[in-house]
Amino acid sequence: DRTGYAMTTQGTNLYLVDFDAELWTWNGNTWNDMGTNFGSGQLGAYCIDFVGSQMYVGGDFTSINGDTSLQYIARWDGTNWYSVGATNLNGPVFAIAALNNNLYVGGAFTNASGNTNANFIARLNGDIWESLGSGVWCASGSNGIVRALAPGNDKLFVGGYFDTAGGLTNANGIASWDGTGWS
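In this text, all values refer to a predicted model and were calculated from it rather than measured experimentally.

**Things to note about the overall build of the protein**
Then step 1. From N to C terminus, the protein includes 0 helices and 17 strands.
Then step 2. Considered along the principal axes of its C-alpha atoms, the protein spans approximately 50 × 35 × 30 Å.
Then step 3. Per-residue burial for the protein yields a buried fraction of 45% across its 183 residues.
Then step 4. Partitioning the contacts of the protein with sequence separation of at least 6, the portion at a separation of at least 24 is 34%.

Shown next, in the form of structure tokens:
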């Protein structure tokens, strides 16, 4: 038995990060330990998704299997783990989504590859993190946080603790990004 903390599917396999921050796969008959640990204590992985055959895992981990170059988000190619983007994000990733073969991440970060407009949400373009306009935030000055991402109808739906998305001040915890602007 596994207690799931984050999961996704690819083909007929289920991939799951359990409460102990370990990665497992279920093939329909048995659980297989993938030999990956995302930390201990309160550190762990919160989200998993695939872009093509590459699996991405996000969370508040500061290493994978002791490799401290893998922080907050990492890519698995079926054999090895790799860092994502030219430089790391500066905070945890709570949501990952794939849309039109692009990787989007949301969380509690304000800087992605030196891009300080990546307020709590970013898109990976090759090896560079890009902001989605000016991101999302709280007009009160408190930090916004993205907790959920869902692709649909060629838009990315974003949920979390924020009241402003780009220049829209009526976001109230949910907004959508169409590739060029917020609504």
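This is not the end of the story, as more comes after the structure.
**Concerning the state of the cysteines**
Then step 1. Taken as a whole, this structure holds 0 disulfides when the rule is applied.
Then step 2. No disulfide involves Cys138; its nearest neighbouring cysteine sulfur is the one of Cys47, lying 20 Å away.

**Here we look at the pairing of strand 14 (residues 145–152)**
Then step 1. Taken together, the 7 bridges between strand 14 and strand 15 (residues 155–161) define a ladder with antiparallel strand orientation. Each bridged residue has a counterpart across the sheet, and for Leu149 the counterpart in strand 15 is Val158.
Then step 2. A loop of 2 residues connects strand 14 with strand 15, the two strands running antiparallel in sequence, and Asn153 in this loop sits at a positive phi of about 55°.

**Details of the nonpolar core**
Then step 1. In terms of nonpolar packing, the biggest core is built from 18 residues, with Ile121, Leu149, Leu156, Val158 and Trp182 touching the most fellow members.
Then step 2. Sorting the residues of this core by element identifies strand 9 (93–99), strand 14, strand 15 and strand 17 (174–177) as the ones contributing at least two each.
Then step 3. Residue contributions to this core peak at 3 residues, all from strand 9.

**Focus on the sheet that holds strand 4 (residues 31–37)**
Then step 1. Spatial strand order, 1-2-3-4: 4 strands in an open sheet with antiparallel pairing. Each having just a single partner strand, strand 1 (4–10) and strand 4 make up the two edges of the open sheet. The sheet shows a mean angle of 25° between the axes of neighbouring strands, taken without regard to direction.
Then step 2. Both strand 2 (residues 13–18) and strand 3 (residues 22–26) contribute to a ladder of 4 bridges, which runs antiparallel. Paired with Leu16 across the strands is Trp24, a residue of strand 3.

**Looking at the sheet that holds strand 9**
Then step 1. Pairing is antiparallel across the open sheet formed by 4 strands, whose spatial order is 9-10-11-12. Looking along the sheet, the strands with just one partner apiece sit at the ends: strand 9 and strand 12 (128–131). Here the average twist between neighbouring strands, direction ignored, is 30°.
Then step 2. The sheet contact formed by strand 11 (residues 121–125) and strand 12 spans 4 bridges and is antiparallel. The residue bridging Arg123 from the neighbouring strand is Glu130, located in strand 12.

**Examining the packing of aromatic side chains**
Then step 1. All told, the structure shown has 9 aromatic pairs when counted by the stated rule.
Then step 2. An angle of 50° between the planes, with centres 5.6 Å apart, marks the rings of Tyr5 and Tyr46 as tilted. Taken together, the residues Tyr5 in strand 1 and Tyr46 in strand 5 (residues 45–51) connect sequence positions 41 residues apart.
Then step 3. Here Tyr5 falls in the partly exposed class, since its relative accessible area comes to 45%.
Then step 4. What makes Tyr46 partly exposed here is its relative accessible area of 22%.

**Brief notes about the environment of Leu168**
Then step 1. Its place among the elements puts Leu168 in the loop between strand 16 (164–165) and strand 17.
Then step 2. Residue Leu168 is classed as partly exposed on the basis of its relative accessible area, which comes to 32%.
Then step 3. In this structure Leu168 touches Asp163, Trp182 and Ser183, once residues within four positions along its chain are discounted.

**Digging into the environment of Val57**
Then step 1. Turning to its location among the elements, Val57 is positioned in strand 6 (residues 54–59).
Then step 2. Along the sequence, Val57 and Met34 sit 23 residues apart, while their C-alpha atoms lie 14 Å from each other.

Cut-offs and rules
- Residue indices begin from 1 for each chain and proceed along its sequence in written order.
- Given that this is a predicted model, residues contribute local features only at a pLDDT of at least 70 and side-chain atom pairs are listed and counted only at 80 or more, while totals for whole chains, interfaces and linings are drawn from all residues.
- The side-chain numbers reported here are obtained from all heavy atoms of the structure, hydrogens and water having been left aside.
- In DSSP terms, a helix is any run of H or I states spanning at least four residues, a strand is any run of E spanning at least two, and both are numbered starting from the N terminus.
- Burial status follows relative accessibility: with a 1.4 Å probe on protein chains alone, a residue under 20% of its type maximum counts as buried, one over 50% as exposed, and anything between as partly exposed.
- By definition in these notes, contact holds between two residues if any of their heavy atoms fall within 4.5 Å.
- A pair of cysteine sulfur atoms is labelled a disulfide when the two atoms are within 2.5 Å.
- Only strands joined by at least two bridges in the DSSP assignment are considered to pair.
- Residues enter a nonpolar core if they are buried and are Ala, Val, Leu, Ile, Met, Phe, Trp, Tyr or Cys, with the set joined through side-chain atoms within 4.5 Å.
- Axis lines are fitted through C-alpha atoms, for helices just across the contact stretch, and the angle between N-to-C directions can take any value from 0 to 180 degrees.
- Between 30 and 60 degrees the pair is tilted, below 30 it is stacked and above 60 it is edge-to-face, where a pair is any two Phe, Tyr or Trp rings, Trp via its six-membered ring, whose centres lie within 6.5 Å.

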